[in-house]
Amino acid sequence: MNKLSSSARRMISVVILLALVGQACTLSLFEKPTNSGTSTQTPSIIVASPTPQPVAQTNFVVTLPEPLQPNESLAIAIMDEVTGLSVSATQYPMSARDSLTYTASLPLPFNSVVKYRYVRRGATQVLEDTNFNTAIRYRMHFVAGPAEVQDIVADWGDKSFARPTGTIMGQVFNADTGSPLPNLLVSAGGEQFITDSVGRFELNGLPTGTQNLIVYSLDGLYQPFQQGATVAQGNTTVVDLRVKPSRLVNVTFSVGIPSTTVPGVPVRIAGNILQLGNTFADLQGGVSTSTDRMPIMSLQPDGRYSVTLSLPVGTFIQYKYTLGDGFWNAERKADSQWIIHEFIVPSQDMIIQDNVASWSAGDSAPILFEVTVPSVTPPGDIIYIQFNTFGWMEPIPMWPLGNNKWAYKLYGPLNVLGTFSYRYCRNGQCGSVDDAQTAGTASGGRSAQTSVLSQDLQDTVSAWKWFENPEPVTLVGANIAPRASGFIAGIEFQSTYRPNWSYYAPQAFANVQGLGANIAILTPTWTYTTVNPLQFAPVPGKDPLWIDSAIMISQARALGLNVSIFPTPNFPASSSTASTPLSTSFWLGAPRDAQWWQTWFTRYRAFAVNYADLANQTGAQTLILGGDWVTPSLPGGKLPDGTPSNAPADVEAQWKSIIAEVRTHFKGQILWALPYTKATLETPLNFLQDVDGIYLLWSASLSTNPSATKTDYANEAGRLLDNEVFPLASLLKKPLILAVAYPSAAGAASGCVADGAGGCLDWTALSRPNADLSSVSLSLQTQAEIYEAMLNAVNTRPWISGFVSRGYYLPAALQDKSASIHSKPVADILWYWYPRFTGAVK
């Protein structure tokens, strides 16, 4: 076994910490939580709430792309990521030096990392954006002392400017060990990039001039690093950066809460680092913190709440106490204003003693929401409530009362609401796992109104959408031949990701284990944000961070499951219909000239190496490369419309080189994901000799006859396997795993679920959280019959080395139209077959 680097060991320690603190509440309302043990060692520092930090005068100087209009002014907005970027920011007016240059001098806390952006104020407020017309979340400045910060506004949200630009790229290393560092945020000019496994970052489209380049550790494990970087027109500035690691100390938070608080309810800490629930993403409603990822405090005998966290020395911490998230039911000052506590983690253990003045704001009285849910609600589910103010916000977990009853008391901020909407959902997946009365992303929800009098709103969820009356299945016995020990019985999780899914991963892995599966296939993603120039990197909120994937892998392995990583991309949104995969729009819109192709292969190589390193450091057994989306990049590549892709002449050598490099990072098994089509099976791919097996993506047509039976399906599957797949397996002499995706929809057996407009849907179009397509009819029975037919076909073909079900929806049980088998009748079929295939049941 390879020794882990010190960076990897530090990462694993934080994986354990985050897995422990990021647990949603399952406490019973009015029941005091069990007392947790505390250390008997007395910390060196005890503070009665952090005192204001010493400040350094910081002068911000910004250059605009054009003069302001006579009715306009400029402001710098200091952002509050704990409450929400879109809901809480403090603006300071800037003064003009000349028509294009503005300044503002602000006192900022020493050793803080300040997040800010520029705002043009006139008839409306316009935020700055990048040269790619994407919003700037914020710029960052590390306040090491008095300083002048020089910035350049590239664009405004309502107009674009043609100007010379350049690129900053490089790597970030541990200053003590020289190891490359993943999962760090590198920023300049408002552009942001999360480093990959080799510490790589690339910031494109920056205005020429000097940019403030900063490296920021999302979890504080490394000290901030900041320097100026010169950007020249059309050039790439290459920099290698080194950051110092920080050691951990214990910080105990102790807080007293108002006497009006419902007894025993969970109190959390929302803050600005990963350990305190910050996702560094734009979540629903403009917030960034996730309740499910925040630490829960323990109720102490004296009525105070307490939690001890290991935090990195020198980290600038912003935090608040909450009964919800950073916005809902978050603490307030006595005058009802938002409050954010700040401190720098000292070099010694410390205790912070705080008191919450209020959860409320304004004269409106709290509202108690009580709901009774159906008896078929899965026992492990948590009921959430979601509020609509400026749009639907992030759902908040309710408090269990028992007997299918849940409650949540909303204290604030009721002063900004008036009439508002709310709805209930399961496991935080509002819009997908809904109360049938308010289902879907476009739902208006139930209505409520604030009042000076206390209210108790009592609701009933009569049914859950897609789980109204869970259908059982009648299992048909079969003579199943046990396979050799290497047989794969797997579940592939869908690639869609939301930050609050992390909490539900352990239960999902337990469900997979309960089916008798022996491997979980995870599909972590990066996102193509632009096609030309080609930008491909992790985007927080859309793609799991390195540490999120590491946690999930450790959770699966803790249950005895093997883990495979199948890296998958997210593509830019387009105006294409549901029948057209986003990958199709991506390929058809790409220039595909020689330079673009070289960039594409460079990006894919980094993508593959990143997940090879993740697999190596976390103990995953298998890495799966390729997929249906890479088809245009293969020898003889064709676009989705059938025209040549103009793939480079050395494409075979490119793939062989990528596989060879991946092997230098990962010593486990490497599979190639090959889509099942007659054309792909007949196209010679010499580089397949370099992988360890084929992961065959199968959604083949088994019959176009609506009256076809399971036997018909099985016969056709057998014919296709024997006539079209077996020759490839025989030629390669490598294991072949069948990875199956069939939606629970009418027409799935034909390989074409109709889109209602004469076309066929891609099977992923029916996956959550995509909106439901009313033109498609639900058919759980069709999916069950297809699976039974496929399993029977595999049973009589010993040359098939595994069977995998694709598209598993991680956070909740749904009997919807998607390909997910989570709690559908087909799951019972796999429960019967998988342990007999693997020999666990004789």
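Scope of this entry: the structure provided in the associated data block.

### Here we look at the overall build of the chain
Point 1. If you tally the helices and strands in the chain, you get 10 helices and 46 strands.
Point 2. If one aligns the C-alpha atoms of the chain with their principal axes, the spans along those axes are about 75 × 65 × 55 Å.
Point 3. A buried classification covers 59% of the 842 residues belonging to the chain.
Point 4. A separation of at least 24 residues holds for 76% of the contacts in the chain among residues at least 6 apart in sequence.
Point 5. When the accessible surface of the chain is totalled, it reaches about 31300 Å², and 51% of it is carbon and sulfur.

### Thoughts on the packing of helix H2 (residues 505–514) against helix H3 (residues 546–558)
Point 1. Contact geometry for H2 and H3: axes closest at 9 Å, N-to-C directions at 40°. Crossing of H2 over H3 shows right-handed handedness. Of the residues in H3, those touching H2 at Ala 505, Pro 506 and Phe 509 are Met 552, Gln 555 and Ala 556.
Point 2. Split by residue class, the contact of H2 with H3 holds five nonpolar, one polar and no charged.

### A short note on the state of the cysteines
Each disulfide is one covalent bond, formed between the sulfur atoms of two cysteines.
Point 1. For the structure shown, the criterion picks out two disulfides.
Point 2. Paired through a disulfide, Cys 425 and Cys 430 show a sulfur-sulfur distance of 2.0 Å. Across the S-S bond linking Cys 425 and Cys 430, the dihedral sits near -75°, which makes this disulfide left-handed.
Point 3. Across the disulfide from Cys 752 sits Cys 760; the S-S distance is 1.8 Å. Because the torsion about its S-S bond is -90°, the bridge between Cys 752 and Cys 760 counts as left-handed.

### Observations concerning the side chain of Ser 197
Point 1. By secondary structure assignment, the location of Ser 197 is in the loop between strand E14 (191–194) and strand E15 (200–207).
Point 2. Within the local environment of Ser 197, its side chain forms a polar contact with the side chain of Asp 613, the two groups lying 2.6 Å apart.

### Examining the nonpolar core
Point 1. Ranked by internal contacts, the top residues of the largest apolar core, which has 200 residues, are Phe 253, Trp 600, Trp 655, Trp 672 and Trp 698.
Point 2. In this structure, Phe 60, Tyr 116, Trp 156 and Phe 161 belong to the second largest nonpolar core, which totals 22 residues.

### Description of the sheet that holds E14
By way of backbone hydrogen bonds, the strands of a sheet pair with one another, either parallel or antiparallel.
Point 1. Overall, antiparallel pairing links the four strands, which are arranged E14-E13-E16-E17 in an open sheet. Every other strand in the sheet has two partners, leaving E14 and strand E17 (225–231) as the edge strands with one partner each. Mean inter-strand twist for the sheet, computed between neighbouring axes without regard to direction, equals 25°.

### With respect to unusual backbone geometry
Point 1. Cis geometry marks the peptide bond from Gly 412 to Pro 413, where omega comes out at 5°.
Point 2. Tracing the backbone shows Pro 413 in the loop between strand E30 (405–410) and strand E31 (419–426).
Point 3. In the segment running from Asn 532 into Pro 533, the intervening peptide bond is cis, with an omega of 5°.
Point 4. One can find Pro 533 in the loop between strand E36 (525–530) and strand E37 (535–537).
Point 5. Here the phi dihedral of Trp 466 falls at roughly 65°; this positive angle occurs in a residue that is not glycine.
Point 6. Considering the arrangement of structural elements, one finds Trp 466 in the loop between strand E33 (455–460) and strand E34 (488–493).
Point 7. Phi angles above zero are rare outside glycine, and Lys 733 is one such case at about 55°.
Point 8. With respect to the element layout, Lys 733 can be found in the loop between helix H8 (710–732) and strand E43 (736–740).

### Some points on helix H6 (residues 651–665)
Point 1. Over its 15 residues, H6 runs 22 Å from end to end, which matches the ideal 21 Å to within 8%, given 1.5 Å per residue.
Point 2. Turning to H6, the residues buried within the fold contact helix H5 (594–618), strand E40 (622–626) and strand E41 (669–675).

### Remarks on H5
Point 1. Taking 1.5 Å per residue as the helical rise, H5 with its 25 residues ought to reach 36 Å, and the 36 Å between its terminal C-alpha atoms agrees with that figure.
Point 2. Of all 25 residues making up H5, 18 are buried, and the element is well covered by its neighbours.
Point 3. One or two steps after H5, the chain reaches Gly 619, where phi turns positive at roughly 85°.

Criteria and thresholds
- Residues numbered from 1 in each chain as written.
- Predicted model: local features only at pLDDT ≥ 70, side-chain atom pairs only at ≥ 80, totals over all residues.
- Heavy atoms only, no water.
- Helix = DSSP H or I, 4+ residues; strand = E, 2+ residues; numbered from the N terminus.
- Buried < 20%, exposed > 50% of the residue type's maximum accessible area, 1.4 Å probe, protein only.
- Contact = heavy atoms within 4.5 Å.
- Areas by Shrake-Rupley, 256 points an atom, 1.4 Å probe, with all protein chains shown as cover.
- Axes fitted to C-alpha atoms, helices over the stretch in contact; angles between N-to-C directions.
- Left-handed = near helix turned anticlockwise from the far one by under 90°.
- Nonpolar A, V, L, I, M, F, W, Y, C, P; charged D, E, K, R; others polar.
- Disulfide = S-S within 2.5 Å.
- Polar contact = N/O pair within 3.5 Å; in protein donor to acceptor, adjacent residues only side chain to side chain.
- Core = buried A, V, L, I, M, F, W, Y, C linked by side-chain atoms within 4.5 Å.
- Pairing = 2+ DSSP bridges.
- Expected span 1.5 Å × (residues − 1).

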